[in-house]
Amino acid sequence: MNNFFDLKLVELGRWIEAFFADFPSLKLVVHLLLCTLPLALSFMGAFAFTTWLERKGLARIQNRPGPNRVGIFGLLQPIADGIKMLIKEDIVPERSDKLFHFLAPIMLMIPALIGVGFLPLGDGLHALPLDSAIIFFFAISSLNTIAVFMAGWSSRNKYSLLGGMRAVAQMISYEIPLVLSAVAVIMIAGSLNAQEVVASQQISSWVGSGNILQEFFGRILGWNVFKPWGFAGFIFFFVAALAEANRSPFDLPEADSEIIAGHLTEYSGFKYAIFFMGEYISAFAIAGIGVTLFLGGWNGPVFSGLPWFVLKLFSLFAVMIWIRGTLPRLRVDQLMGYAWKFLFPLAILNIFLAGFYHFIERQWGTAIAMLAGWILGFGALQLAATALSRLNQSPIMRSKRVYQLVE
Amino acid sequence: MSLLAKGILKGMAVTAKNFFQSYYRKERLPTVQYPEEKSTITPFTRNFPFLLYDGDDAVDGMRCTACTLCERACPPQCIYIIKDKDEKGKPILRPRIFDIDTSVCMSCQLCVEVCPYEAIRMDSAFELSNENRFEGLLINRGDLLKSNDYYHALNPVEARETDDRIAAKNALAEAKKKARQKKTRLAAAKAKRPPSRLKKSPPAREKPPQPEKSE
Amino acid sequence: MNIAFYLLALVAVLGAGLAITLRNVVHAVFSVLLFFSALAGLFLLMLAEFIAAVQVLVYIGSVGILMLFAIMLTTNVMGDPNRPVRSRGWVWGGLAVIALLAGVLLPLISRTGGQTPTPLSDFNPSVKQLGMVLMDPYFASVGVIALLLTAGLIGAVVAATGASEADQKKTVPANRPNYPNT
Ligand code: SF4
Ligand code: SF4
């Protein structure tokens, strides 16, 4: 059953292409379309579904039923929203920079869709199988910042500009822990190729062995999260990814209660919808790279391939929604301090930890490496984290609290 | 780190509890799906005022005396009263026009508090939307008037209290009237000769309309 | 392939030209970014995908953003409207550029003889090879540079932390009421 869906999908693609075998130039176009169009459409569909999921989930967390009028369980709500957005008036501020105001949503959408292309969705389902896909992904996802800046600057609105400024500062800062936590994985996998990173996350001696149990667990236990450095790295990556994707509790650029909606303030109608979609798709992309780097990519028992990738992606997104329903927004200085004074040193330490683990594994085998990694390495990380949080506390926080107004 | 993570995990446990319990616990999902089901109306639900009348005839039994106290007390000034006159142009203690604008009323119940004649009360009816934005939302005297029985059905406890209060007031007025009549009679008996004393009685006769006729 | 090359080259030249002629500073920076991305495209055409990725990551993602961040703090992005776009000595600058081009590019072009070199059949550039070439002979220098950069980064963080803490110690009297998180 392994890779069943992926093989069937690839077969389907070949079958469609076979119709155009006689026209080489047309065949190329069809090939490119087959590589890109299903990907873009399915991620747009996933976006629509996720808006529903998010609204439902948040509603349940807040003890409300959520959207339940359009279609069964309100499942058609995204379509209704889309139609509403489509027929709304598109308002452009009079003194705005019209060109940039128009370009910003597109500038967000395009890198988001390209970034999705770098994700290995399954065995052979990889739109842009570059040799340096992972670094390309991070390069492309850094373009988001420019789009947000464009939107914030061109709107000629103080809130927008503030939002744009916050976004730029935040995204630059969190890109560093994001990439550094990915570096550990790349280092161990020994490749920037996404497929190879995925392949490195199965216990290769178990997977081909034919033993059912080993077959099953060989595809789970090899995931990077189950290694000490991988676990820590996953946490750092996840936190930084939340900030990169502008998601709560790091949604300062679009803090609706402080600066209306930041760079989105002056957007309406369809441009707003595109902006929204771009942000969700880039959140998807970053969650997808998280799945690829730490959660074993499309590896998984039984239905290895696309189903597992989709499952992991949505689980990660569900956690994002859950966090959004739980945590309040950070303050700007807390946000920057957290990236620079906490995540960044820890991520660097984690790289050393990964090297240390790799060395021990090579020398004495996996079991000892696991033991040493979890006890020594993780202890070191914990110690460093505690020390850092102590160090970063302001003197007032460290002193004992005295309440003057309370008897 | 450990401290921070502990706080976050605790918070996430709380939200998860809310999430899952909303599927099987009634008190975790209190939303009422309005058009299909209506929220429960307690006797003290209040939304919009109505006018009370006694007896069968709405206009004759109207308790309101058009004293305009409520008109003056209403904060958003959504009450509009014009006093009634009979054919000869003499004012009657009754409003000819009594309008309340639903779109303006803020359900504050101040009109109820100030009314000295227990003539206005809060209704719990809430489906007051209308297709006509201007006339439809301006509710006039005819629609505002509801019988005392309606009030009893709405809020039995308070209605009974109100009735008791009115009865007590009427009894008091009756007693006072009797006392005054007695006094007048006594005075008349005492000084039979000066006929001008008899003319003092009209105020006593004019008094009755003021407290409503008891049922 | 040729069409793509000329298209990208055109975009690159256009971006560079716009960058020096546009009045609006933000627009100018964005045309520089356009130039950078066209350059990344050219690298991709040469199958140098790692260099292309680095071009995007470093030049667009970091340098460009840094420029934009600086400009965001300027109030008057249009500058003085009375001043001409071209400076007085632009002729000399142009001549210098032409001389540089002639000195560097022409010898290179003449070496290839004006014809495109035939692609190597086993030319399969991978990041691994690049890493080997970079890391094997020059490991020491790359390591030192990496260490230096990391040290610089950490130093910046430490400097920022130390300054703020010293400030707080200075400004906070010993017995002031304790408001959390100040
Ligand atoms: S409830 Fe308040 S607002 Fe409404 S009519 Fe009475 S006094 Fe006016
Ligand atoms: S409702 Fe009461 S307060 Fe208002 S005019 Fe009538 S008697 Fe006066």
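As the structure is a prediction and not an experimental result, all values here were calculated from the model.

Caption draft 1: Spotlight on the site of ligand 1. As a matter of local geometry, ligand 1 sits amid 14 residues, with Cys74, Cys105, Cys108, Gln109 and Cys111 of chain B nearest to it. Residue classes in the shell around ligand 1 are distributed as 12 nonpolar, 2 polar and no charged.

Caption draft 2: The arrangement of the environment of Ala112 of chain A in detail. Residues and elements named next belong to chain A. Relative to the elements of secondary structure, Ala112 occurs in helix H4 (residues 98-117). For Ala112 and Leu143, which are 31 residues apart along the polypeptide, the C-alpha to C-alpha distance reads 8.8 Å. Discounting residues that sit within four places of it in the chain, Ala112 has contacts with Gly278, Ile281, Ser282 and Ala285.

Caption draft 3: Focus on the environment of Val291 of chain A. All names here are of chain A. Its location among the elements puts Val291 in helix H13 (residues 269-294). Once the C-alpha coordinates of Val291 and Lys312 are considered, the two residues, 21 residues apart in sequence, prove to be 6.6 Å apart. Once you skip the residues sitting within four places of it in the chain, Val291 turns out to touch Gly296, Gly297, Phe309, Lys312, Leu313 and Leu316.

Caption draft 4: Region of interest: the side chain of Asp97 of chain A. Relative to the elements of secondary structure, Asp97 of chain A occurs in the loop between helix H3 (77-86) and H4. Of the buried charged residues, Asp97 of chain A lacks a salt bridge, with Arg156 of chain A as the closest side chain of opposite charge at 7.1 Å. Sequence-distant contacts of Asp97 of chain A, defined by excluding residues within four places in its chain, comprise Trp153 and Ser154 of chain A together with Asn24 and His27 of chain C.

Caption draft 5: Region of interest: the site of ligand 2. Every residue close to ligand 2 is listed here: Cys64, Thr65, Ala66, Cys67, Thr68, Leu69, Cys70, Ile81, Cys115, Tyr117 and Ile120 of chain B. Looking at the shell around ligand 2 residue by residue, the classes come out as 9 nonpolar, 2 polar and no charged.

Caption draft 6: Fine view of the packing of helix H15 (residues 332-364) of chain A against helix H16 (residues 366-392) of chain A. Residues and elements named next belong to chain A. Axis separation between H15 and H16 bottoms out at 9 Å; the angle between their running directions is 165°. Taken together, H15 and H16 sit at an angle that is classed as roughly antiparallel. Where H15 crosses over H16, the handedness of that crossing is right-handed. Per-class residue counts for the contact of H15 with H16 are 19 nonpolar, 5 polar and 2 charged.

Caption draft 7: Here's a closer look at H16 of chain A. Residues and elements named next belong to chain A. Remark: the principal bend of H16, roughly 35°, maps to Gly373. Residues Ala369, Ala372, Gly373, Gly377, Phe378, Leu381, Ala385 and Leu388 constitute the buried set of H16. On its buried side, H16 packs onto helix H11 (228-244) and H15.

Caption draft 8: A look at the domain arrangement of chain C. According to the domain assignment, chain C contains domain 1 (1-76) and domain 2 (126-159). Domain 1 of chain C and domain 2 of chain C are separated by 25 Å when their C-alpha centres are compared.

Caption draft 9: Just the confidence of the model for chain C, in detail. Residue and element names in this part refer to chain C. Of the residues in chain C, 73% have a pLDDT of 70 or more, and the chain-wide mean is 76. Within chain C, the element-level pLDDT minimum falls on helix H5 (residues 127-171), averaging 74, and the maximum on helix H2 (residues 25-45), averaging 88. Across the assembled chains, the prediction reports ipTM 0.76 with pTM 0.76.

Caption draft 10: Broad picture of unusual backbone geometry. With omega at 5°, the peptide bond leading from Ser248 of chain A into Pro249 of chain A counts as cis. Residue Arg156 of chain A is not a glycine yet carries a positive backbone phi of 60°. Among the structural elements, Arg156 of chain A can be located in the loop between helix H6 (144-154) and helix H7 (158-189). With phi around 55°, Gln77 of chain B is a residue other than glycine that occupies positive phi space. For Gln77 of chain B, the location among the structural elements is in the loop between helix H2 (69-73) and strand E2 (79-85).

Caption draft 11: Molecular detail of the sheet that holds strand E5 (residues 138-139) of chain B. Residue and element names in this part refer to chain B. Read from one edge to the other, the open sheet built from 3 strands follows the order E2-E3-E5, with strand pairing classed as antiparallel. Among the strands making up the open sheet, the edge pair consists of E2 and E5. Two strands pair when backbone bridges link them, and strand E3 (residues 91-101) and E5 are joined in this way by 2 bridges, in the antiparallel orientation. Looking at the pairing, Asp101 lines up with Leu138 of E5.

Caption draft 12: Structural view of the interface of chain A and chain B. In this assembly, 18 residues from chain A lie in contact with 19 residues from chain B. Together chain A and chain B conceal approximately 1,700 Å² of surface at their shared face, both sides included; 62% is due to carbon and sulfur atoms. Broken down residue by residue, the surface that chain A buries against chain B is led by Arg60, Asn63 and Arg69 of chain A, which jointly contribute 37%. Our enumeration of links across chain A and chain B arrives at 1 salt bridge. The partner of Arg69 of chain A in a salt bridge is Glu36 of chain B, with the nearest N and O atoms 3.1 Å apart. On inspection of chain A and its partner chain B, the count reaches 8 residue pairs in polar contact (both at pLDDT 80 or more). Of all the elements in the fold, those that place two or more residues in the side of chain A that touches chain B are helix H2 (24-61), helix H14 (306-326), H15 and H16 of chain A. The element that contributes the greatest number of residues to the side of chain A that touches chain B is H14 of chain A, accounting for 4 residues.

Caption draft 13: The arrangement of a nonpolar patch on the surface in detail. Residues and elements named next belong to chain A. A contiguous nonpolar patch, built from Phe4, Phe5, Leu213, Phe216, Phe217, Leu221, Phe226, Val302 and Phe303 and spanning about 780 Å² of accessible area, is present on the exposed surface. Residue assignment for the nonpolar patch shows that the elements contributing at least two residues are helix H1 (4-18) and helix H10 (212-218). With 3 residues, the top contributor of residues to the nonpolar patch is H10. Inspection of the secondary structure assignment puts Leu221 in the loop between H10 and H11. Judged by relative accessible area, which is 39%, Leu221 ranks as partly exposed.

Caption draft 14: Up close: the packing of aromatic side chains. All names here are of chain A. As enumerated under the stated definition, the model contains 34 aromatic pairs over all chains in all. Summarising the aromatic geometry, the rings of Phe234 and Phe294 are spaced 5.9 Å apart at their centres and angled 55° between planes, so their arrangement reads as tilted. Of the two residues, Phe234 is situated in helix H11 and Phe294 in helix H13; the sequence distance between them amounts to 60 residues. Members of the aromatic cluster, joined through ring pairs, are Phe43, Phe47, Phe49, Trp52, Tyr272, Phe276, Tyr280, Phe284, Phe314 and Phe317. Its end group placed over the ring of Trp223, Lys312 keeps NZ or CZ at 3.9 Å from the ring centre.

Caption draft 15: Highlighting the pattern of salt bridges. A full pass over the atoms with the stated rule returns 16 salt bridges over all chains. Of the charged contacts, one joins Arg324 of chain A and Glu54 of chain A as a salt bridge, the two residues approaching to 2.6 Å between their closest N and O atoms. Here Arg324 of chain A is found in helix H14, whereas its partner Glu54 of chain A is found in helix H2, with 270 residues between them in sequence. Owing to a relative accessible area of 36%, Arg324 of chain A belongs among the partly exposed residues under this scheme. Notably, a salt bridge pairs Arg165 of chain B with Glu118 of chain B, separated by 2.8 Å at the nearest N-O pair. Of this pair, Arg165 of chain B sits in helix H6 (residues 156-190) while Glu118 of chain B is found in the loop between helix H3 (110-114) and strand E4 (120-123), placing the two residues 47 residues apart along the sequence. When its relative accessible area of 41% is taken as the criterion, Arg165 of chain B is described as partly exposed. In this structure Glu118 of chain B comes out as buried when scored by relative accessible area, which is 12%. Among the charged side chains, a network of salt bridges with common partners joins Glu54, Arg247 and Arg324 of chain A.

What counts, and at which threshold
- Residues numbered from 1 in each chain as written.
- Chains lettered and ligands numbered in written order.
- Predicted model: local features only at pLDDT ≥ 70, side-chain atom pairs only at ≥ 80, totals over all residues.
- Heavy atoms only, no water.
- Near = heavy atom within 4 Å.
- Nonpolar A, V, L, I, M, F, W, Y, C, P; charged D, E, K, R; others polar.
- Helix = DSSP H or I, 4+ residues; strand = E, 2+ residues; numbered from the N terminus.
- Contact = heavy atoms within 4.5 Å.
- Buried < 20%, exposed > 50% of the residue type's maximum accessible area, 1.4 Å probe, protein only.
- Lys, Arg positive; Asp, Glu negative; His and termini not counted.
- Salt bridge = Lys/Arg side-chain N within 4 Å of Asp/Glu carboxyl O.
- Axes fitted to C-alpha atoms, helices over the stretch in contact; angles between N-to-C directions.
- Parallel < 35°, antiparallel > 145°, perpendicular 65-115°, else oblique.
- Left-handed = near helix turned anticlockwise from the far one by under 90°.
- Bend = angle between axes of the 7 residues up to and from the residue.
- Domains from an automatic or database assignment.
- pLDDT = per-residue confidence, 0-100.
- Pairing = 2+ DSSP bridges.
- Buried area = accessible area lost by both parts, 1.4 Å probe.
- Polar contact = N/O pair within 3.5 Å; in protein donor to acceptor, adjacent residues only side chain to side chain.
- Patch = residues over 30% accessible without salt bridge, like charges linked within 9 Å, V, L, I, M, F, W, Y side chains within 5 Å.
- Areas by Shrake-Rupley, 256 points an atom, 1.4 Å probe, with all protein chains shown as cover.
- Phe/Tyr/Trp six-rings, centres within 6.5 Å; stacked < 30°, edge-to-face > 60°.
- Lys NZ or Arg CZ within 6 Å of the ring centre and 35° of its normal.

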